[in-house]
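Residue-level structure breakdown
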Amino acid sequence: MLIDILQFVGVLFCLFTAFLIRFRLNKENSFSGHLLAVLLVLIALCNSFYLFIVYGVINYFPYLYKIPAPITYLIFPLSYLYVRAVLNGEKSFKKIDALHLIPFLFFAVNYFPFYIMDLDEKSKMVFEITQDFSKTYTGQDGLLPEWVNIACRASSSVIYLLFQWRLINSFFRKRQQVFSKQFALVKKWVYDLTIIQTIHSLSLVILYIVNALIAIGFIPMFQFVHIVLGLLVCCSFLLVSCYLLWNPNLLIGLPNLYIKNPDADIPLAVNVEDVLTELDNHLNQTRAFLDPNLKIDTLSRATNIPTRKLTHIISESNYDNFNDYINQMRISYAAVKIEDNYLHTYSVEALSITCGFNSKNAFYRAFKKAHDCTPVQYCSNHFGSSNDTNTL
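Residues numbered from 1 in each chain as written. Predicted model: local features only at pLDDT ≥ 70, side-chain atom pairs only at ≥ 80, totals over all residues. Heavy atoms only, no water.

1. Some points on the overall build of the chain
Spelled out, the test is: Only runs of H or I of at least four residues qualify as helices and only runs of E of at least two qualify as strands under DSSP, and these elements are numbered from the N terminus. Only protein chains enter the accessibility calculation, which uses a 1.4 Å probe; a residue whose area is less than 20% of its type maximum is buried, one above 50% is exposed, and one in between is partly exposed. Whether two residues are in contact is decided by their heavy atoms: any pair within 4.5 Å suffices.
What the chain contains, in helices and strands, is 17 helices and 0 strands. Among the 392 residues that make up the chain, the fraction classed as buried is 47%. A fraction of 73% describes how many contacts in the chain between residues 6 or more apart in sequence connect residues 24 or more apart.

2. Some thoughts on the side chain of Asp192
Which entries qualify depends on this criterion: Between N or O atoms, a polar contact is any pair within 3.5 Å; within protein, one atom must be a potential hydrogen donor and the other a potential acceptor, and residues adjacent in sequence are included only when both atoms are from side chains.
Inspection of the secondary structure assignment puts Asp192 in helix H9 (residues 181-215). By relative accessible area, Asp192 is classed as buried at 18%. A distance of 2.8 Å separates polar atoms of two side chains, one belonging to Asp192 and the other to Lys188.

3. Considering helix H17 (residues 375-383)
Since the α-helix turns once every 3.6 residues, residues separated by three or four places project in the same direction. Spelled out, the test is: By arc we mean the arc of the directions from the helix axis to the C-beta atoms, nothing more.
Taken as a whole, H17 has its buried residues at Pro375, Val376, Tyr378 and Cys379. Projected down its long axis, H17 carries its buried residues within an arc of 160°, all on one side. For H17, the secondary structure elements touched by its buried residues are helix H14 (322-339), helix H15 (348-354) and helix H16 (360-371).

4. Topic: the nonpolar core
Filter applied, for reference: Grouping buried Ala, Val, Leu, Ile, Met, Phe, Trp, Tyr and Cys residues that are joined through side-chain atoms within 4.5 Å yields what is termed a nonpolar core.
Counting residues in hydrophobic clusters, the biggest one holds 46 residues, and the most contacted among them are Leu40, Tyr82, Val83, Leu87, Trp189 and Val190. Mapped onto this core, the elements with two or more residues apiece are helix H1 (2-25), helix H2 (31-54), helix H3 (68-88), helix H8 (146-173), H9 and helix H10 (223-246). Top element by residues in this core is H3. It accounts for 12 residues. Excluding residues that lie within four positions of it along the chain, Val83 makes contacts with Gln164, Leu167, Ile168, Val190 and Leu193. Leu290, Leu310, Phe367 and Cys373 belong to the second largest nonpolar core, which has 36 residues in total.

5. Examining the packing of aromatic side chains
Short version of the rule: Between rings of Phe, Tyr and Trp, where Trp is taken as its six-membered ring, a pair exists when centres lie within 6.5 Å; planes separated by under 30 degrees are stacked, by over 60 edge-to-face, and by other angles tilted. Charge over a ring is defined by NZ of Lys or CZ of Arg lying within 6 Å of the ring centre and within 35 degrees of the ring normal.
One pass over the structure, following the stated rule, counts 18 aromatic pairs. Each ring, one from Tyr73 and one from Phe107, has its centre 4.6 Å from the other, and the planes form 5°; the classification is stacked. You can see Tyr73 sitting in helix H3 and its partner Phe107 sitting in helix H4 (residues 102-110), a full 34 residues away along the chain. The burial state of Tyr73 is the same as that of Phe107; both residues are buried. An aromatic cluster is built from Phe357, Phe363, Tyr364, Phe367 and Tyr378, whose rings are joined through pairwise contacts. The cationic tip of Arg22 hangs over the ring face of Phe23; the distance from NZ or CZ to the ring centre is 5.1 Å. A cation over an aromatic ring shows up here: Lys122 above the ring of Phe114, its NZ or CZ 5.1 Å from the ring centre.

6. Examining the side chain of Gln7
Summarising the element assignment, Gln7 is placed in helix H1. A relative accessible area of 7% places Gln7 in the buried class. Excluding its chain neighbours within four sequence positions, the residues that come into contact with Gln7 are Asn47, Tyr50, Leu51, Cys234 and Phe237.

7. Some thoughts on the environment of Gly89
With respect to the secondary-structure elements, Gly89 resides in the loop between H3 and H4. Each C-alpha atom, one on Gly89 and one on Ser32, is 8.0 Å from the other, the two residues being 57 residues apart in sequence.

8. Remarks on the environment of Asp274
Looking at the secondary structure, you find Asp274 in helix H11 (residues 272-286). For Asp274, a relative accessible area of 51% gives the class exposed. A C-alpha to C-alpha distance of 9.9 Å links Asp274 and Ile313, two positions 39 residues apart in sequence.

9. As for unusual backbone geometry
You will see that Arg287, though not glycine, has its phi angle at about 55°, which is positive. Given a relative accessible area of 38%, Arg287 falls into the partly exposed group. Look at Asn341: it is not a glycine, yet its phi comes out positive at around 70°. Mapping Asn341 onto the fold places it in the loop between H14 and H15. For Asn341, a relative accessible area of 30% puts it in the partly exposed group.

10. Some remarks on the packing of H3 against H4
Our working rule: Axis lines are fitted through C-alpha atoms, for helices just across the contact stretch, and the angle between N-to-C directions can take any value from 0 to 180 degrees. Here roughly perpendicular refers to angles of 65 to 115 degrees, roughly parallel to angles under 35, roughly antiparallel to angles over 145, and oblique to all remaining angles. Residue polarity follows a fixed list, in which Ala, Val, Leu, Ile, Met, Phe, Trp, Tyr, Cys and Pro are nonpolar, Asp, Glu, Lys and Arg are charged, and the others, Gly among them, are polar.
Look at H3 against H4: their axes get within 8 Å of each other, and the N-to-C directions meet at 175°. Relative to H4, H3 is oriented roughly antiparallel. Along the contact surface, H3 presents Pro70, Ile71, Tyr73 and Leu74, while H4 presents Pro103, Phe104, Phe107 and Ala108. Class assignment of the residues belonging to the contact of H3 with H4 gives a composition of 8 nonpolar, no polar and no charged.

11. Structural notes on the pattern of salt bridges
A side chain of one charge can pair with a side chain of the opposite charge when the charged atoms of the two come close. Using the following cut-off: Take a side-chain nitrogen of Lys or Arg and a carboxyl oxygen of Asp or Glu: if they are within 4 Å of each other, that pair is a salt bridge.
Within the structure shown, the criterion is met by 7 salt bridges. Residues Asp141 and Lys66 are paired through a salt bridge, measuring 3.6 Å at the closest nitrogen-oxygen approach. On the criterion of sequence distance, the pair formed by Asp141 in the loop between helix H7 (135-138) and H8 and Lys66 in the loop between H2 and H3 is long-range, its members being 75 residues apart. Here the two residues Asp141 and Lys66 agree in accessibility, since each one is buried. Here Lys94 ties to Glu90 by a salt bridge, and the two come within 3.8 Å at their closest N and O atoms. Of the residues examined, Lys94 reaches a relative accessible area of 45% and is grouped as partly exposed. Exposure remark for Glu90: the relative accessible area of 12% places this residue in the buried category.

Nothing here speaks to function; it is geometry throughout.
Right, dumping it as structure tokens:
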């Protein structure tokens with residue numbers, strides 16, 4: 001029961017995190033952000049079908065039974081492509097990436113006989129599986145026995161993880177002299193993600209092997225082993241979504257490392273302080289940071305500084321990302337307004353809107369991060385007494 005509850009919570013968290021990325025937090029419309037959102041949705045979809053089978057829900061939708069089987073072959077390729085996109089700042093798929101679809105297409109064809117099966121016959125087969133879950137790996141629902149699908153899925157996950165580890169280690173080994181908050185943030189995230197996936201994959205492989213040995217009568221049933229492995233499997237994707245929600249800087253302006261610069265006219269050896277001073281002067285003169293919809297592309301066009309160079313400069317500074325940089329400009333402006341007695345007449349919410357924030361909560365978080373106190377407390381500290389008559 002505990003495993004099922006954790007699996008259900010993990011599915012909900014994955015869907016919730018994917019929703020946040022797709023509709024709220026991927027403001028730069030990054031390619032890696034879209035890949036991550038799709039990855040989380042597919043993880044949630046495939047894991048939810050285990051619960052549908054165990055609790056008999058699939059009996060109401062028997063035609064959906066084998067839909068996730070080929071889709072599982074997209075999860076680890078998507079993870080690999082996501083990490084590659086983050087590290088290399090990619091903006092689209094490559095033509096050769098179509099090769100990653102081969103296992104998915106192969107097993108979609110494998111289950112075609114089930115897909116076109118008569119609904120009554122399909123319902124009967126699905127009902128038998130809900131009564132005996134072991135048939136999901138001992139039976140034959142397609143052209144090939146289920147053990148072939150399981151063996152191929154396990155092998156595929158291990159192969160892609162090896163490629164992913166190779167990609168990460170190679171990338172960071174060549175950049176041991178690079179130091180910045182953004183670089184450290186991305187490095188920790190991709191390593192942690194891959195570690196979590198490795199634990200998930202190895203636990204699943206061991207679980208497959210144990211089930212196979214039990215099915216042929218080679219070893220007896222060990223309930224404890226199933227519980228431990230099941231917890232590792234279901235907790236892994238729950239941990240990924242919790243990790244992202246706990247570290248919002250990975251979602252607010254999703255991380256991209258523009259270390260390699262394909263533009264010959266944009267040197268990497270630039271003076272960070274000089275460019276930041278130029279940006280500060282432009283923003284202070286135009287008050288562009290007060291626009292709640294300000295994007296890095298807009299700032300790039302206004303300053304004639306290429307977007308890649310802006311991203312690189314900000315990543316090499318003490319700011320987490322572009323949003324963090326703009327928010328700190330807004331908070332500095334808010335502090336000046338407070339010192340000019342703004343809160344004596346207007347509310348904190350009015351101040352947040354004036355400073356370019358879309359919500360009062362976002363304003364509070366950014367202000368507290370910068371000054372370690374709320375706007376009202378800052379006002380009280382500045383004037384020596386509470387000046388918040390109209391702030392509530």
